[in-house]
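# Residue-level structure breakdown
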Amino acid sequence: MSPSRPNILFIMSDDHAAHAIGAYGSRINQTPHIDRIASGGMRFDNCFCTNSICTPSRAAILTGTYNHVNGVTTLSTHLDGRLLNYPKVLQEHGYQTAVVGKWHLGHGGIHDPTGFDFWDVLPGQGLYHDPEMIRMGERTTRDGYVTDLITDYSLDWLKGRDRNRPFCLMVHHKAPHRSWEPDDKHADMYEDEDIPEPETFNDDYSNRAQAAAAARMRVERDLNAEDLKVPVPQGLTPAEEKSWKYQRYIKDYLRCIASIDDNVGRLLDYIDEEGISEDTIVVYTSDQGFFLGDHGWYDKRFMYEESLRMPFLIRYPREVAPGTVNGDMILNVDFPATFLDCAGVDVPPSFQGRSFRSLLGGETPADWQTSMYYRYWMHGAHHNVCAHYGVRTLRYKLIYYYGDPLGQEGAVGPNMQPEWELFDLEKDPCELNSVYADPDYADVVLALKAELKRLQEKVGDEAYRGKTEP
Ligand code: CA
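Everything numeric in this text was worked out from a predicted model, so none of it was measured.

Here we take up the coordination of the calcium ion. The protein atoms donating to the calcium ion are Asp14 (OD), Asp15 (OD), Cys54 (SG), Asp287 (OD), Asp287 (OD) and Gln288 (OE1), with metal-donor distances spanning 2.1 to 2.7 Å. Binding-site remark: the calcium ion is held by donors from one chain whose sequence spacing is D-D-x38-C-x232-D-Q. Placement of the pair is Asp14 in the loop between β1 (7-13) and α1 (32-39) and Cys54 in helix α2 (residues 54-63), with a sequence separation of 40 residues. Like Asp14, the residue Cys54 is buried in the burial classification.

Let us now look at the side chain of Ser179. The residue Ser179 is located in the loop between β7 (167-172) and α6 (210-214) in this model. Ser179 gets classed as buried once you look at its relative accessible area, which sits at 8%. If near-sequence neighbours (up to four positions away) are discounted, Ser179 is found in contact with Tyr128, Glu226, Asp227 and Lys229.

Our focus in this paragraph is the nonpolar core. Phe44, Tyr249, Tyr253 and Phe302 are the most contacted members of the largest nonpolar core, which totals 116 residues. Shared between two domains, this core takes at least three residues from each, and those domains are domain 1 (7-182 + 248-363) and domain 2 (372-459). When near neighbours in sequence (up to four residues on either side) are disregarded, Tyr249 contacts Trp180, Val219, Leu223, Phe290, Phe291, Leu292, Gly293 and Tyr298. Ranked by size, the runner-up nonpolar core spans 38 residues in total, among them Phe118, Leu155, Leu267 and Ile276.

Put simply, the largest pocket is a space of about 610 Å³. Lining the largest pocket we find 26 residues, and of these His19, Asp294, Glu306, Arg309 and Cys430 sit closest to its centre. Among the secondary structure elements, those contributing two or more residues to the lining of the largest pocket are β2 (42-48) and α10 (305-308). Partitioned by chemical class, the residues of the lining of the largest pocket number 12 nonpolar, 4 polar and 10 charged. Counting only domains with at least three residues in the lining of the largest pocket, you end up with domain 1 (7-182 + 248-363) and domain 2 (372-459).

Looking now at the pairing of strand β4 (residues 118-122). Across the 5 residues that make up β4, a large majority, 5, are buried. Both faces of β4 are covered, namely the face carrying Phe118, Asp120 and Leu122 and the face carrying Trp119 and Val121. Alignment of strand β3 (residues 96-102) against β4, held across 5 bridges, turns out to be parallel. Bridging from a neighbouring strand, Ala98 pairs with Phe118 of β4. Here 2 bridges tie β4 to strand β5 (residues 132-135), and the two strands are oriented antiparallel to one another. Bridge assignment links Asp120 to a residue of β5, and that residue is Arg135.

On to the domain arrangement of the chain, then. Each assigned domain of the chain is listed with its residue range as follows: domain 1 (7-182 + 248-363) and domain 2 (372-459). Computed over C-alpha atoms, the centres of domain 1 and domain 2 are 27 Å apart. If you look at the interface, domain 1 gives 31 residues, while domain 2 gives 32 residues. Interface of domain 1 and domain 2: buried area, both sides summed, is about 2,600 Å²; carbon and sulfur atoms make up 62% of it. Counting the surface domain 1 buries against domain 2, the share from its top three residues, Arg301, Met303 and Tyr304, is 29%. Taken together, domain 1 and domain 2 are joined by 2 salt bridges. One can count 19 residue pairs in polar contact (both at pLDDT 80 or more) joining domain 1 with domain 2. Secondary structure elements with two or more residues in the side of domain 1 that touches domain 2: β2, α3 (67-70), α10 and β10 (324-331).

Let us now look at the pairing of strand β13 (residues 396-401). Burial analysis of β13 places 6 of its 6 residues in the buried class, the great majority of the element. Burial along β13 is two-sided: the residues Tyr396, Leu398 and Tyr400 and Lys397, Ile399 and Tyr401 are all buried. Across 4 bridges, the pairing between strand β12 (residues 388-393) and β13 is antiparallel. By the bridge assignment, Gly390 is partnered in β13 with Ile399. The loop that links β12 with its antiparallel partner β13 comprises 2 residues.

Another aspect to go through is the pattern of salt bridges. Inspection of every chain in the model, using the stated rule, returns 42 salt bridges. Across the pair Asp252 and Arg255 runs a salt bridge whose closest N-O atoms are separated by 2.8 Å. One end of the pair is Asp252 and the other is Arg255, both in helix α9 (residues 238-273) and 3 residues apart, which spans about a single turn. Taken together, the salt bridges that share partners define one network made up of Glu191, Lys229, Arg248, Asp252 and Arg255.

Within the secondary structure, Asp461 sits in the segment after α14 (442-459). Given the relative accessible area of 11%, Asp461 is considered buried. In this structure the side chain of Asp461 is engaged in a polar contact, spanning 2.9 Å, whose partner is the side chain of Arg375. Filtering out sequence-adjacent residues up to four positions away, Asp461 remains in contact with His68, Tyr373, Arg375, Trp377 and Gln456.

This part takes up the packing of aromatic side chains. Applying the stated criterion to the full structure yields 33 aromatic pairs. A centroid spacing of 6.1 Å and a plane angle of 20 degrees characterise the contact between Tyr128 and Tyr145, whose relative ring orientation is stacked. Here Tyr128, found in the loop between β4 and β5, pairs with Tyr145, found in the loop between β6 (138-141) and α5 (146-159); they are 17 residues apart in sequence, far enough to count as distant. Residue class for Tyr145 comes out buried when judged on its relative accessible area of 6%. Members of the aromatic cluster, each reached through a chain of ring pairs, are Tyr66, Tyr373, Tyr389, Tyr400, Tyr402, Trp420, Tyr436 and Tyr464. If you follow Lys242 out to its NZ or CZ, it ends over the ring of Phe201, 4.5 Å from the centre. We note Lys449 situated over the ring of Trp420; from NZ or CZ to the ring centre the distance is 4.3 Å.

Reading the values: the criteria
Residues numbered from 1 in each chain as written. Predicted model: local features only at pLDDT ≥ 70, side-chain atom pairs only at ≥ 80, totals over all residues. Heavy atoms only, no water. Donors = N, O, S within 2.8 Å, 3.2 Å for Na, K, Ca; no water. Helix = DSSP H or I, 4+ residues; strand = E, 2+ residues; numbered from the N terminus. Buried < 20%, exposed > 50% of the residue type's maximum accessible area, 1.4 Å probe, protein only. Contact = heavy atoms within 4.5 Å. Core = buried A, V, L, I, M, F, W, Y, C linked by side-chain atoms within 4.5 Å. Domains from an automatic or database assignment. 1 Å grid on protein atoms, 1.4 Å probe; cavity = no way out; pocket = protein on both sides within 12 Å on 5 of 7 lines; lining within 4 Å. Points joined across faces, edges and corners; volume = space filled by probe spheres on them. Nonpolar A, V, L, I, M, F, W, Y, C, P; charged D, E, K, R; others polar. Pairing = 2+ DSSP bridges. Buried area = accessible area lost by both parts, 1.4 Å probe. Salt bridge = Lys/Arg side-chain N within 4 Å of Asp/Glu carboxyl O. Polar contact = N/O pair within 3.5 Å; in protein donor to acceptor, adjacent residues only side chain to side chain. Phe/Tyr/Trp six-rings, centres within 6.5 Å; stacked < 30°, edge-to-face > 60°. Lys NZ or Arg CZ within 6 Å of the ring centre and 35° of its normal.

Spelled out as structure tokens, the structure:
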């Protein structure tokens, strides 16, 4: 096989925050197998999603476009399979392609996976135990635990592949998505220990826009019986009850990750045993980040750091030096262009992201992006997170909560009064104190508003023009 045509093994979990990965310095768990990708390759510390929610991020990763372009703005919008995606391009250039696991972009008709020689996916969110899956249009129930099954089917496909052609395999885990159901093997992990609470666990949501206090994703109040799985003990003080709920939540979340980690190890072992490590790009990422008790929350959606940041580890011995770390900004919309570039294929003009292949070799282009555009559309739904957009630079973050469902499918509820937030990430990395109204930052606000406008024009999105704009 020509070294210019690497295999691509893309492993993506659902809601796995970078701060629950050993290679990212996790204080709460260990992930020895995922860490093998980091030690054999590169860890990206500033990889961000352009919309921190499952379905939209998946659409961006396949099509290389922002959600206002691909139409997948919320969980209720589905991907049109007729749109160009990077597996289609790889197929045209002789790759064999497959996706196994969580799809969550709709199914049936134009929403079935396209661009794949083989697909075997969960309908919707899918189940942890004995899930139904849809294999090439045929729906059947499988026996077993979802993370193991997804890996089993991925390995089966790899074993049956044509060894004379490169492959692209997307392994999409359901875990560790809510409702965090571990398998029997890991059910008792962490039984006799307490997981540390995060620094911002007792955030009171002061000094920020109303959106933070309005969100309904608080560990103390919003985890339900299905999440907790056992009754809340009697006689606890409110603070004790909050801590107890956190332990229930985070332990199940980490147990689900332990299973993913084991199964990542199985795939890495196979690649090694096949003798194809040198020519295989292995990626571990997640569709977005997650709040692990940070700000007293679970879930995601906000443009805040824990939710915005995606883990992104990449091993490709032919081009990436082992054990390297990169702090440049990369985005989910950049993934497809990068994979095509590594495969020696031209990036289609419809892809809005840019290849970061040169970063893999340690070269950062002089004009590399130092700011990014974010937009969360699903106003009000589920956790009552206010619709917002914003810009993050290497030091600052400006967020505009325009607070309007704008008729987006799945977005609901009354408009909220628009508000701005500005964070100085150097002085306030936990984002506890918006300095939007601080006169010392007036110039920064002006510069960032101009940058936000520039980015919206660049990606073809429009600024909010509601009547209530301040
Ligand atoms: Ca997700």
